[in-house]
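Next come the chains, spelled out residue by residue.
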Amino acid sequence: MKELRERTGAGMMDSKKALQENGGDMEAAVDWLRTKGLAAAAKKAGRTAAEGLVGVAVEGTRGAAVEVNSETDFVAKNDQFQDFVAKVTEIALNTDGDVEALKAADYPGGTTVNDKLTDNIATIGENQSLRRVAHVAVSKGAIVSYVHNAAAPNLGKIGVLVALESDAGADVLEPLGKQLAMHIAAAAPLALTGDDLDADTIERERAIAQEKAAESGKPDNIIEKMVEGAIAKYRKENALMSQLFVMDNKTKIEDVVAAAAKDAGSAIVLKDYVRFQLGEGIAKKEENFADEVAAAVAG
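The structure reproduced in this document is the subject of the present report. This is a predicted model, so every value here is computed, not measured. (Residues numbered from 1 in each chain as written. Predicted model: local features only at pLDDT ≥ 70, side-chain atom pairs only at ≥ 80, totals over all residues. Heavy atoms only, no water.)

**A word on the environment of Asp 73**
Considering the arrangement of structural elements, one finds Asp 73 in helix 4 (residues 73–76). Its relative accessible area of 28% is what places Asp 73 among the partly exposed residues. Residues Asp 73 and Leu 53, 20 residues apart in the sequence, show an inter-C-alpha distance of 8.8 Å. Setting aside chain neighbours within four positions, we find Asp 73 in contact with Glu 51 and Lys 157. (Helix = DSSP H or I, 4+ residues; strand = E, 2+ residues; numbered from the N terminus. Buried < 20%, exposed > 50% of the residue type's maximum accessible area, 1.4 Å probe, protein only. Contact = heavy atoms within 4.5 Å.)

**What to know about unusual backbone geometry**
Unusually for a residue other than glycine, Asn 154 sits at a positive phi of about 65°. Mapped onto the elements of the fold, Asn 154 is located in the loop between strand 6 (141–152) and strand 7 (155–166). We note that Asn 249 has phi near 55°; this positive angle belongs to a residue other than glycine. With respect to the element layout, Asn 249 can be found in the loop between helix 10 (220–238) and helix 11 (253–264). Of the residues examined, Asn 249 reaches a relative accessible area of 56% and is grouped as exposed.

**Some points on a nonpolar patch on the surface**
Judged by side-chain polarity, Met 182, Val 246 and Met 247 come together as a nonpolar surface patch covering roughly 250 Å² of accessible area. Residue placement: Val 246 occurs in the loop between helix 10 and helix 11. For Val 246, a relative accessible area of 40% corresponds to the partly exposed category. (Patch = residues over 30% accessible without salt bridge, like charges linked within 9 Å, V, L, I, M, F, W, Y side chains within 5 Å. Areas by Shrake-Rupley, 256 points an atom, 1.4 Å probe, with all protein chains shown as cover. Salt bridge = Lys/Arg side-chain N within 4 Å of Asp/Glu carboxyl O.)

**Observations regarding the side chain of Glu 126**
Checked against the element boundaries, Glu 126 lands in the loop between helix 7 (113–124) and strand 5 (128–137). Judged by its relative accessible area of 11%, Glu 126 is buried. Of the polar contacts made by the side chain of Glu 126, one reaches the backbone nitrogen of Glu 71; its length is 2.9 Å. (Polar contact = N/O pair within 3.5 Å; in protein donor to acceptor, adjacent residues only side chain to side chain.)

**Re the pairing of strand 6**
Where strand 6 lies against strand 7, 10 bridges are found, and the strand directions are antiparallel. In the strand pairing of strand 7, Gly 141 is matched with Glu 165. In this structure, the hairpin formed by strand 6 and strand 7 is closed by a connection of two residues, where Asn 154 is found at a positive phi of approximately 65°. (Pairing = 2+ DSSP bridges.)

**Regarding the environment of Gly 97**
The residue Gly 97 is located in the loop between helix 5 (79–92) and helix 6 (99–104) in this model. Overall, Gly 97 belongs to the partly exposed group, its relative accessible area being 24%. Spatially, the C-alpha atoms of Gly 97 and His 135 are 4.9 Å apart, while their sequence positions differ by 38 residues. In this view, Gly 97 contacts Val 133 and His 135; residues no more than four positions away in its chain are not counted.

**Concerning the side chain of Glu 67**
Looking at where Glu 67 falls in the secondary structure, it is placed in strand 2 (residues 62–70). A distance of 2.8 Å separates polar atoms of two side chains, one belonging to Glu 67 and the other to Asn 69. Within the local environment of Glu 67, its side chain forms a polar contact with the backbone nitrogen of Gly 279, the two atoms lying 2.9 Å apart.

**A closer look at the pattern of salt bridges**
All told, the structure shown has 15 salt bridges when counted by the stated rule. Of the charged contacts, one joins Glu 59 and Arg 62 as a salt bridge, the two residues approaching to 2.0 Å between their closest N and O atoms. A salt bridge links Asp 167 to Lys 140, with the nearest nitrogen and oxygen atoms 3.2 Å apart. Taken together, the positions of Asp 167 in the loop between strand 7 and helix 8 (170–187) and Lys 140 in the loop between strand 5 and strand 6 put the pair 27 residues apart, joining distant regions of the chain.

**Remarks on the packing of aromatic side chains**
Counted according to the given criterion, the structure contains one aromatic pair. Taking the centre distance of 5.7 Å and the plane angle of 35° together, the rings of Phe 84 and Tyr 107 count as tilted. You can see Phe 84 sitting in helix 5 and its partner Tyr 107 sitting in strand 3 (residues 106–107), a full 23 residues away along the chain. With respect to burial, Phe 84 and Tyr 107 carry one shared label: buried. Taking the ring centre of Phe 276 as reference, the NZ or CZ of Arg 132 above it sits at 4.1 Å. (Phe/Tyr/Trp six-rings, centres within 6.5 Å; stacked < 30°, edge-to-face > 60°. Lys NZ or Arg CZ within 6 Å of the ring centre and 35° of its normal.)

Below you can see the structure in the form of structure tokens.
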């Protein structure tokens, strides 16, 4: 039974029952547990998973970020869950940033990432999901990572990757990248530059600005200028390169990078970045605590 538990991660009673149901046949017991696990996972699939962890990993000039969700913060503190997220993030270094490709990738122990996730749902007892993955790389330079509210090394609530392309050494790029990553974690830019901002988002902001300006009762030509001014401000405040550095609140990020390049005597290009914040955009189901207890008792 010990061997079965080690191979599957199943609990003692489940392992005992699996062996009893299959006449002590180890392989049949493994298959039986996996089948039961799939059924359990299917039952839990409808539950909202908005907690969990963001993981980051860096290897040379490549970096990856992954978000894996769970139903409760309690599971995010579980060693099994943390080990899974850490391993999946390392695996993501060799993928192209596609979730389905990552799910299909090999996982240590002769299974796939998705199969291991399914097993975790069965053994931990909560719905979990591999929500998203991102991959960044440079031809030369450095990928610098930062985790905010870390629960374990390279695992936390906010994960950031900064891609700096340059001939400058690590003594220059690492501290610069760390400062930029901390800024990104705090300022939450929506894109690298103003031109990179999502077109639909800009149109929504334009509609809001138009409605506000119209309430002023001013002539159409003035309203048009007000709208364009509002959009210019929105682009400036939400594009990383034009944001004001949180360390001094007066220097643009593009100027921070330019100053570092000048001091290093080597060009530095902030090529890309990734910012994953746990659960952003997930609609959480609000429940009354008393109702939760009543539901648990009824169950």
